[in-house]
Amino acid sequence: MRTVAILATGPQVLVQDLGRPGFAHLGVPPSGALDGPALRLANRLVGNEESLAGLEILLGGLRLRAESSCVVAVTGPSTSITVDGRQRDTHAPIHLSTGDELTLAQPVDGLRNYLTVNGGIAVEAELGSRSTDVLSGIGPDAVQAGDVLPVGEPQGPPTGADQLAAAATPAELTLPVLLGPREDWFDDPAAQLRDGSWRVSPESNRIGLRLTGPALRRAEEYAGRELPSEPVITGAVQVPANGRPVVFLADHPTTGGYPVLGVVPAADLAALAQVRPGTVVLLRPV
């Protein structure tokens, strides 16, 4: 069996694929890579189907050794990659011979890089996915130093046809918000969003992007009221009792008891995987 050995990790390394959607009725979050486009690209670069599992690496620090010949690729924000001390490029296929050691530094900006291996990380799947869900605990444990990860058989030749430069993470992020279903719980919600400016909280994680800044005011008739739990989706902008919005990400709970002011469209969620604490976030109603 082909394997890679994990020699060191940074703050967090998780196995992620495109998730396990369709189980919300069982209370299971969709999970999956927060920056889906980055994982898809990394898989294409090594000749994989886009859905195969790779590694989601938070703030660098990964060091691994190839236990057999393989091809890897790293995508996401700009970062330094070395193989046995020699500098290599992101967003391009990298051949590793048996025994080669790859080291991934902290990214210049952004938060999460993605590393794929031709054949994919072949840990055991749960509910059709190899993704780690940090909320429910479904899927493999977080990757630790000393782990040896199985790798599947190569699917196709790595062509490198998708080579792209790493995109810079903006210092200010504007997010469209589709109002509803509980916008009536707030006093002129569109105006409050247009006039407000928030920053990413360091308490953010794969469950939700927490924002600090102005508290959103409830409409007078809903002040102090409670809402029975109801289904929520990825991208939902939930407003807890303190009025500071939380944007639900891939490992979010499937129900919630605070009003959802609006929803960030799916196409805009990948950017949230890369915004660091302190980044300015503007929520703009559409």
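Since this is a predicted model, take the numbers as computed values, not measurements.

### Considering the overall build of the chain
(1) Moving on: When helices and strands are tallied, the chain shows two helices and 20 strands.
(2) Moving on: Expected size for 286 residues packed as a compact globule is a radius of gyration near 19 Å; at 20 Å, the chain falls within 12% of this value.
(3) Moving on: In terms of its C-alpha atoms, the chain occupies a principal-axis envelope of roughly 65 × 40 × 30 Å.
(4) Moving on: Each of the 286 residues in the chain was classed as buried or not, and the buried ones make up 52%.
(5) Moving on: Considering only residue pairs separated by 6 or more positions, the chain has 78% of its internal contacts joining residues 24 or more positions apart.
(6) Moving on: In the structure as shown, the chain presents an accessible area of about 12100 Å², 51% of it carried by carbon and sulfur atoms.
(7) Moving on: Taken as two groups, the 21 positive and 31 negative side-chain charges of the chain have centres that lie 3 Å from each other.

### Some points on the pattern of salt bridges
(1) Moving on: This model, assessed by the stated rule, comprises nine salt bridges.
(2) Moving on: Notably, a salt bridge pairs Arg 65 with Glu 67, separated by 2.8 Å at the nearest N-O pair.
(3) Moving on: In this structure, the salt-bridge partner of Arg 206 is Asp 251, at a minimum N-O distance of 2.9 Å. Of this pair, Arg 206 sits in the loop between β13 (198-200) and β14 (208-212) while Asp 251 sits in the loop between β17 (246-248) and β18 (255-256); the two residues are 45 residues apart in sequence, bridging distant segments of the chain. The burial state of Arg 206 is the same as that of Asp 251; both residues are buried.
(4) Moving on: Bridged by salt links that share partners, the residues Glu 56, Arg 112, Arg 206 and Asp 251 form one connected network.

### Topic: unusual backbone geometry
(1) Moving on: The omega angle of the peptide bond from Gly 180 to Pro 181 is 5°, so this bond is cis rather than trans.
(2) Moving on: Along the chain, Pro 181 falls in the loop between β12 (172-179) and α2 (189-195).
(3) Moving on: Of note in the backbone geometry, Leu 59 takes a positive phi value of approximately 60° without being a glycine.
(4) Moving on: Mapped onto the elements of the fold, Leu 59 is located in the loop between β3 (54-58) and β4 (63-66).
(5) Moving on: With relative accessibility at 26%, the residue Leu 59 sits in the partly exposed group.
(6) Moving on: The phi dihedral of His 91 falls on the positive side, at around 55°, and the residue is not glycine.
(7) Moving on: Looking at His 91, the relative accessible area reads 5%, which means it is buried.

### Quick notes on the side chain of Glu 230
(1) Moving on: Tracing the sequence through the fold places Glu 230 in strand β15 (residues 230-231).
(2) Moving on: A relative accessible area of 17% places Glu 230 in the buried class.
(3) Moving on: Among the polar contacts made by the side chain of Glu 230, one reaches the side chain of Arg 182 at a distance of 2.8 Å.

### Remarks on the sheet that holds β14
(1) Moving on: Overall, mixed pairing links the seven strands, which are arranged β12-β19-β16-β17-β14-β13-β20 in a closed barrel. Put simply, the sheet's adjacent strands are angled 40° from each other on average, direction ignored.
(2) Moving on: As paired strands, strand β16 (residues 236-238) and β17 are joined by two bridges and run antiparallel to one another. Across the sheet, the residue bridging to Val 237 is Val 247, located in β17.

### Some points on helix α1 (residues 36-45)
(1) Moving on: Judged by how many residues are buried, α1 sits mostly within the fold: seven of 10 residues are covered.
(2) Moving on: Of all the residues in α1, the buried ones are Gly 36, Ala 38, Leu 39, Leu 41, Ala 42, Asn 43 and Leu 45.
(3) Moving on: Once α1 ends, the next one or two residues include Gly 47, with phi positive near 85°.

### Thoughts on the sheet that holds strand β8 (residues 94-96)
(1) Moving on: Pairing within the open sheet is antiparallel, and its five strands lie in the order β2-β3-β10-β5-β8. Looking at strand neighbours, the two that pair on one side only are β2 (12-16) and β8, the edges of this open sheet. Taken over all neighbouring pairs, the strand axes of this sheet differ in orientation by 25° on average, direction set aside.
(2) Moving on: Direction of pairing for β2 relative to β3: antiparallel, over a ladder of five bridges.

### Points about the nonpolar core
(1) Moving on: Counting 32 residues, the largest nonpolar core has Leu 209, Leu 272 and Leu 283 as its most contacted members.
(2) Moving on: Of all elements in the fold, only α1, β12, β13, β14 and β20 (280-285) reach the threshold of two or more residues within this core.
(3) Moving on: Per-element tally for this core: the top contributor is β12, with three residues.
(4) Moving on: Those residues within four positions of Leu 209 in sequence are excluded, and the remaining contacts are Val 200, Ser 204, Pro 245, Val 246, Val 247, Leu 249, Leu 272 and Val 275.
(5) Moving on: With 26 residues, the next largest nonpolar core counts Ile 6, Ile 57, Ile 94 and Leu 115 among its residues.

The rules behind these values
Residues numbered from 1 in each chain as written. Predicted model: local features only at pLDDT ≥ 70, side-chain atom pairs only at ≥ 80, totals over all residues. Heavy atoms only, no water. Helix = DSSP H or I, 4+ residues; strand = E, 2+ residues; numbered from the N terminus. Rg over C-alpha atoms; globule rule 2.2 N^0.38 Å. Buried < 20%, exposed > 50% of the residue type's maximum accessible area, 1.4 Å probe, protein only. Contact = heavy atoms within 4.5 Å. Areas by Shrake-Rupley, 256 points an atom, 1.4 Å probe, with all protein chains shown as cover. Lys, Arg positive; Asp, Glu negative; His and termini not counted. Charge placed at Lys NZ, Arg CZ, Asp CG, Glu CD. Salt bridge = Lys/Arg side-chain N within 4 Å of Asp/Glu carboxyl O. Polar contact = N/O pair within 3.5 Å; in protein donor to acceptor, adjacent residues only side chain to side chain. Pairing = 2+ DSSP bridges. Axes fitted to C-alpha atoms, helices over the stretch in contact; angles between N-to-C directions. Core = buried A, V, L, I, M, F, W, Y, C linked by side-chain atoms within 4.5 Å.

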